[in-house]
Each structure stands twice: as C-alpha cells, then as structure tokens.
Amino acid sequence: MSPNQIIIVIILFVTMALFLWGRWRHDLVAMSALLVCVFTGLVPSSEAFTSFSHPAVITVAGVLVLGYGLQRSGAVDILAKYLLPAQAGPTLSILALISLAALLSGFMNNVGALALLMPIAIQMAAKYDLPAGKVLMPLAFGSILGGMTTLIGTPTNIVVSGFRESSGLGSFTMFDFSPVGVCIALAGIVFVGLFGWHIVPSRKQSSSGSFDTGNYFCEVNIVAGSIAEKMNLREVDKLLDEADAQIISMIRREVHLTAPNPNRVLQTGDILIIEVEPESIPKALSSLGLELEPESAITEEAQTVAVVETKLQKKGDESTPESAKDDNDTSKPAEIIMQELVVMPGTTIVNRSVSDIELRNRYGINLLAISRQGHRSVKRLRSTPIKAGDVLLLQGDPESVSGFASQYGCLPLAARDIRVPKKGHALTASLIMIITLITVAFGILPAAVAFVAGALAFTLFGLVPIRSIYTSIDWPVIVLLAALLPVANAMYTTGTADLIAQFLLDNIAQSHAIGALFLVLIVTMFLSDLMNNVATAAVMCPIGISTAAQLGVNPDTFLMAIAIGASCAFLTPIGHQNNTLILGPGGFRFGDYWRLGLLLELIVVSVSIPMLLWVWPF
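Residues numbered from 1 in each chain as written. Predicted model: local features only at pLDDT ≥ 70, side-chain atom pairs only at ≥ 80, totals over all residues. Heavy atoms only, no water.

Enquirer: What am I meant to see in the overall build of the protein here?
Expert: Within the protein, the secondary structure is distributed over 24 helices and nine strands. Contacts in the protein between residues at least 24 apart in sequence constitute 79% of all its contacts with a sequence separation of at least 6. Surface summary for the protein: the accessible area is close to 26300 Å², and the carbon and sulfur share equals 61%. (Helix = DSSP H or I, 4+ residues; strand = E, 2+ residues; numbered from the N terminus. Contact = heavy atoms within 4.5 Å. Areas by Shrake-Rupley, 256 points an atom, 1.4 Å probe, with all protein chains shown as cover.)

Enquirer: Please clarify how the environment of Ser-567 should be interpreted in this entry.
Expert: Here Ser-567 lies in helix α22 (residues 555–567). Given the relative accessible area of 2%, Ser-567 is considered buried. Here the alpha-carbon distance between Ser-567 and Pro-155, two residues 412 residues apart in the chain, equals 9.2 Å. Setting aside its immediate chain neighbours within four residues, Ser-567 contacts Ile-144, Met-148, Thr-154, Thr-156, Asn-157 and His-576. (Buried < 20%, exposed > 50% of the residue type's maximum accessible area, 1.4 Å probe, protein only.)

Enquirer: Help me understand the packing of aromatic side chains in this model?
Expert: Pairs of aromatic rings are described using the distance from one ring centre to the other and the angle between the two planes. As enumerated under the stated definition, the model contains nine aromatic pairs in all. Note on Phe-172 and Phe-177: the rings are 5.3 Å apart at their centroids and 65° apart in plane angle, and the pair reads as edge-to-face. Across this residue pair, the class does not change: Phe-172 and Phe-177 are buried. We note Arg-164 situated over the ring of Phe-172; from NZ or CZ to the ring centre the distance is 4.7 Å. (Phe/Tyr/Trp six-rings, centres within 6.5 Å; stacked < 30°, edge-to-face > 60°. Lys NZ or Arg CZ within 6 Å of the ring centre and 35° of its normal.)

Enquirer: I tried to follow helix α16 (residues 425–441) on my own but got confused; where do I start?
Expert: Side chains that are three or four residues apart share a direction in an α-helix, a result of its 3.6 residues per turn. In a regular helix each residue adds 1.5 Å, so 17 residues correspond to 24 Å; α16 covers 24 Å between its end C-alpha atoms and thus fits that length. Inspection of α16 places His-425, Ala-426, Ala-429, Ile-432, Met-433, Thr-436, Leu-437, Thr-439 and Val-440 among the buried residues, and these make up the whole buried set. One side of α16 carries all its buried residues, which in axial view fall inside an arc of 165°. Away from its buried face by more than 90 degrees, α16 exposes Leu-427 and Ile-435. Where the residues of α16 are buried, they touch α3 (55–73), α4 (75–83) and α17 (447–460). Remark: Gly-443 follows α16 within two positions and exhibits a positive phi of approximately 70°. (Expected span 1.5 Å × (residues − 1). Arc of directions from axis to C-beta.)

Enquirer: Sorry if this is basic, but what is going on with the pattern of salt bridges here?
Expert: When their charged atoms lie close together, side chains carrying opposite charge are able to pair. Tallied over the entire structure, the rule returns two salt bridges. For the salt bridge of Arg-164 with Asp-556, the shortest nitrogen-to-oxygen distance reads 2.6 Å. With Arg-164 in helix α8 (residues 155–166) and Asp-556 in helix α22, the pair connects residues that are 392 residues apart, well separated along the chain. Comparing Arg-164 with Asp-556 shows no difference in burial state: the two are buried. Here Arg-252 makes a salt bridge to Asp-270, at a shortest N to O gap of 2.6 Å. (Salt bridge = Lys/Arg side-chain N within 4 Å of Asp/Glu carboxyl O.)

Enquirer: I'm lost on the pairing of strand β4 (residues 271–276) in this one. Help?
Expert: The two faces of the sheet receive side chains in turn, since in a regular strand these alternate between them. Buried residues dominate β4, accounting for six of its six residues. Every second residue of β4 is oriented toward a common face, with Ile-271, Ile-273 and Glu-275 on one face and Leu-272, Ile-274 and Val-276 on the other, all of them buried.

Enquirer: Teacher, can you tell me more about the packing of helix α9 (residues 178–194) against helix α24 (residues 594–615) here?
Expert: As a packed pair, α9 and α24 sit with axes 9 Å apart at the nearest point and diverge in direction by 150°. By the criterion of interaxial angle, the relationship of α9 to α24 is roughly antiparallel. Viewed along their axes, α9 and α24 form a crossing whose handedness is right-handed. Where α9 abuts α24, its residues Pro-179, Val-180, Cys-183, Ile-184, Ala-187, Gly-188, Phe-191 and Val-192 lie against Leu-596, Leu-599, Leu-600, Ile-603, Val-604, Val-607, Ser-608, Met-611, Leu-612 and Val-615. (Axes fitted to C-alpha atoms, helices over the stretch in contact; angles between N-to-C directions. Parallel < 35°, antiparallel > 145°, perpendicular 65-115°, else oblique. Left-handed = near helix turned anticlockwise from the far one by under 90°.)

Enquirer: Is there a simple way to think about unusual backbone geometry in this case?
Expert: Backbone phi values are negative for most residues with the exception of glycine, while trans is the configuration of most peptide bonds. One non-glycine residue with positive phi stands out, namely Asn-351, at about 70°. For Asn-351, the position within the fold is in the loop between β6 (337–343) and α14 (359–363). You can call Asn-351 partly exposed: its relative accessible area is 35%. Even without glycine at this site, Glu-358 takes up a positive phi of about 50°. Here Glu-358 is to be found in the loop between β6 and α14.

Enquirer: Please clarify how the environment of Leu-18 should be interpreted in this entry.
Expert: Here Leu-18 lies in helix α1 (residues 3–21). Residue Leu-18 is classed as partly exposed on the basis of its relative accessible area of 22%. It is 9.5 Å that separates the C-alpha atoms of Leu-18 and Ala-30, two residues lying twelve residues apart in sequence. Apart from residues lying up to four places away in sequence, Leu-18 is in contact with Trp-24 and Val-29.

Enquirer: Looking at this structure, I do not really get the packing of helix α19 (residues 496–509) against helix α21 (residues 533–551). What am I missing?
Expert: The description of two packed helices rests on the angle between their axes and on the distance between the axes. Put simply, α19 and α21 touch, their axes get as near as 8 Å, and they point 65° apart. In the crossing of α19 with α21, the sense of the turn from one axis to the other is right-handed. Every residue of α21 that contacts α19 at Ala-497, Asp-498, Ile-500, Ala-501, Gln-502, Leu-504 and Leu-505 is listed here: Pro-542, Ile-543, Ser-546, Thr-547, Gln-550 and Leu-551. Within the contact of α19 with α21, the residues separate by chemical class into eight nonpolar, four polar and one charged. (Nonpolar A, V, L, I, M, F, W, Y, C, P; charged D, E, K, R; others polar.)

Enquirer: Can you help me understand the nonpolar core in this one?
Expert: Ranked by size, the top nonpolar core spans 156 residues in total, and within it Leu-97, Leu-117, Met-118, Leu-145 and Phe-451 carry the most contacts. Apart from residues lying up to four places away in sequence, Leu-117 is in contact with Ala-80, Leu-97, Leu-100, Ala-101, Leu-104 and Leu-139. Judged by nonpolar contacts, the second largest core, of 21 residues, contains Val-220, Val-236, Ala-245 and Leu-266. (Core = buried A, V, L, I, M, F, W, Y, C linked by side-chain atoms within 4.5 Å.)

Enquirer: I'm lost on α9 in this one. Help?
Expert: Compared with the 24 Å implied by 1.5 Å per residue over 17 residues, the 23 Å span of α9 between its first and last C-alpha is a close match. Along α9, the positions that sit buried rather than exposed are Ser-178, Val-180, Gly-181, Ile-184, Ala-185, Gly-188, Ile-189, Phe-191, Val-192 and Gly-193. Summarising the contacts, the buried residues of α9 are in contact with α5 (90–105), α7 (132–147), α22 and α24.

Enquirer: Looking at this structure, I do not really get the pairing of strand β7 (residues 366–371). What am I missing?
Expert: Summarising burial for β7: six of the six residues are buried, a large majority. Where β7 meets strand β8 (residues 391–396), five bridges bridge the pair, whose relative direction is antiparallel. The residue bridging Ala-369 from the neighbouring strand is Leu-393, located in β8. (Pairing = 2+ DSSP bridges.)

Enquirer: Teacher, can you tell me more about a nonpolar patch on the surface here?
Expert: Residues Ile-434, Ile-438, Phe-442, Ile-444, Leu-445 and Val-449 make up a contiguous nonpolar surface patch of about 580 Å² in total accessible area. Its location among the elements puts Phe-442 in the loop between α16 and α17. (Patch = residues over 30% accessible without salt bridge, like charges linked within 9 Å, V, L, I, M, F, W, Y side chains within 5 Å.)

Honestly, it's all geometry; don't read function into it.
So this is what it looks like as structure tokens:
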C-alpha cells in the first residue's frame, strides 16, 4: 500500500468508528474527515467544498422542500382519508397503512412520510387495542421499503446516481430504481402486513387505547406538610412500589445522591427522581402528597405571556368590539395542558438540555418527564441532553407547546384532526409535483434543476412560506453528503477502492461475479444497520464500481445492490432515522428490531439478487 492509501484507509476506519460511536453528529464527523483529507493532501483545497454544488446535494435539498410542501398543502391528508379503510380488521388496516407509507415515500422524504402517518398509526393501535409498536414498526419499515422505488425516494438513491455520473456513465433516471425496488417493496409489504406485525415484541397491552412510551423519569419535590416529609427512603420506596414506581436517585441542596442510604430521612426541599409508568404518575404523587417539580410557576408565567400578547393586539386594533374584548379577556386562567412529544432525529434540540434552550423563560413551558427506552438517566431533567426518539412530557398552554414542537421538530403523540389547508392548495401542490416528476422522468430537465424549479413554484404559489424554505431542509444530511463525496472520491483516485475490492474478490468472493454481488449487498446492509445510510452509500459506491471493473461486468448491477443495501436498515434503531423515530413511542428496546428486521432482510436479499441479475444483467 502507498502512503496515500494507508492514510485514506485510516481516515475511513476512524470515520466509520465515530459514526458507530454516535457521540458526534454524522455531519460533524463527515466534515472532520473531509478537512483531514485536505490537510493530508488527499483532496485539493480548491475542491474541498465544490461538492456543495454537486447535483446530488442540490437534488436532495429540492426534494425535501417539495415533500414539506406536499405535507403542508394537505394533499397527503386527503390521500390518507380516502385510501385507508374505515371498517376493516387490524391486518387489512396495517397492510393499507404501510402501503400508503411506501407510496408516499417514493415521492417524498421517507422520514416525512412516517412523521405524517405516525398519529394515524397510534389511533389505529388504540382502535384495535394493540400496543402502538405493533403498528409503528411495520409503518417505519414500509416507509423505508417505499423509499427505494424511485430516484428521489431516499437520499441514498441520489448518492448512488451521483457516483454513477461521476464515473462517466451518466446519472440514473427517475424510475430506473423502480423495477427492482417495487418488487422488493411489494414482497416486504405483503410479508410485514400479513404476517410480520404479529412478531413485533408486545411491550404493552392496554384496553384504554394508550401506548407504551416506556417508563418516565420524573422529578418530584418534597413539600412541607406532605406525607413523605420526615419519612425515610425505605418507607417511601415501599409506598411508591404500590404505584409501580421506584426511587432512582435523590437531590439535596444541589448534591446528587445516586445511591442514597435507605434510612435517610426526607426533608422539605428534597427532590426525588423516580421511575414510573405514564399512567401511574398521578397515583405515585397522590400516595405521598408529592408535586411535580416545578409545580405552579408555569401557570403564572404562561398567563403573563398571554396577557402581554393580548394587550399588544388590543392596542393595535381600537376597532375591536367590546364583546370580542370580553371574550379574549386573559384575566381568566389560561388553559394548561400536558402533552407528550417525540423528538425527531437530526433536529436542533438533540444533544441539548432544556436549560440550554431556556425552555421555561422562552416558551413558558415545563419539562415534567423524559421517557428514554433502554437508558436510565439519573441526571437532573433540566441538564439531561435530549436524544432522538425521546418522549418528552411537557406542561404549558396549547399555543406555547405547539410553537415549541414546530420550532424543534417534535411530533405530538396524540390524535390529530385532518388539516384544512387553503382551498385548492392540495390540488396545486399535486399538479406541480406531477409536472416536476414528468420533466425528470422524460429527461426534459436534469433532476437537480427540475426539483429546485418545483420548490420555487411551491414558494411562488404560497404552498411553502419563504421562511420555511430553509427550515424544511435537513441540513445535517446536506452537509454529510457534501463532505463525504470528496472523501469517497479520494478512495477512488488513490486506488484504495480498487485495493479493497481486490481483497474482497480474492479472499471471499473467489472472483465469482454473483458471489461478489451478494457480498457487496450483505456488507452494505450490515454497515447501514450500524451507521448512517447516506454515509454507507458514499463509502460503498467506489468499492462497488471498482469490483465491477475488476470483474469486467456491468457496474450498474453493483450500484443498484448498494442502493438497496444502504436503504435496508432493519436490524437496529440507529441504522435509519425512521427506526429511531419510533423507538420511544413504540416502547422498543435496542434488541427488538432484529426479530422482524432479520426476516425482512432475508426477503430483501432473496428477491433482490435474482431481480438485479434479470433487470441489470452482467
């Protein structure tokens, strides 16, 4: 190996290790890898950031804006209303739901498709008295399967198309992925919808229509005069046990005691961190006369904000009738609700605490509890970094909670009404999307140009507000993609991709083309289960192209295999954003995904290999 090859291999392995570690965001890791390549001379400094103008990067950004516009216009809600059966059994309903998710994922970001249909899935679970996870996992997997059916269904397909173009073979067209992708998606959807959902772990059975978000970690304040005051921890723990709760740790005068002495006597002002099921919170508190920490500041603060805002509105509009003023009188107590929100992957609140974002001061909202499956947190709630998939229990007035959820990309875990957008918006959005897809499918315009033009049309017709253009784009994905493209190209130019491909061929595939294809698919699927799927595609594409060149076969067969493998991350909650998104609401643990995911990946492999050899022959 040459010095440059050794350096790029080290960079590659360190980058993959950091992806797997998960301590830093993927985009930061990718940008660090790019800068190291620049500092070591593997990537010319003049070309370090040229990939931000790469057609693949621009296409992904345009697709994200279009997907947001379709969501906001109400077009997706109309589809859900008329395509999902109103009267059917659970199997048919789940099959219809995941089929709709797959259809939507073919033409918009699959994370957005899942986010739109999650409330419907939760309602469906309650309707049939099922654990929410029984519907959420099939829904997530269905949206992932649908993403592989078109060029724009998932960023990995766009990445693969970009590498094909970079190698001088031209880019894939809109529906080049469809023959193989649709067959795989159909096989997967039929299996999951008819049989697979039965083997999803049942974390909670409930006849009340609720679902398992796992146990909450709550802070409770020992107030003067409560039953718990002057009791020792052993006595309190015994009473809490009757409410299916337990003490995790204790805080006294800002000193955190992770294993307090059971004989320690509680005093006024002590704070207990308890682990409790959502339904048992009232029982646990009332049994000891405890109060959520903090208790009432939220109500006064929310009312103060409401009063100030209403006075400003009245001052600016002297023509407001007296009756209207009376109706808006904020001297009445403000409505205070408790709302569960699930944290979306990649949003700005991830890895930040409520103290960092000044939740109470800026929004007048309290964080009452956090549910995080598979992890036990003993830190103060206000200083606990929030993770993707966490379920937050918030207390505040409805408008403040809604505004917070919108700004930080959190989804409410509650029934929602179908939105009523402005008249004609759904039709306009659908027509623009259809025209955009036609121009791409028939090669009238390059994909990047067509989708940016479609995004601009959405803005001009008022379907996407100007202020929402940039917030609708998943910038960490954009940065990740733009940073990894030069790194992957360095693998190719230094001959490292050829070296890795030769090693795989000589030592594992034994120079058999079909064996090499199978190996590339399996390796890609394995990596995608452990790290970001876009990063997996970027790493594997140069290896796939080099493998095809050394065998003297069609590189498209290997590129399509990589596109499929990078999309099929079904074994872990970290392989795909959709898997992470259902982790908290479904009450899942890390090891719950492989039961259904392994069978589904076996189906993907058994269907994809023969289809690849038929549609994209060597």
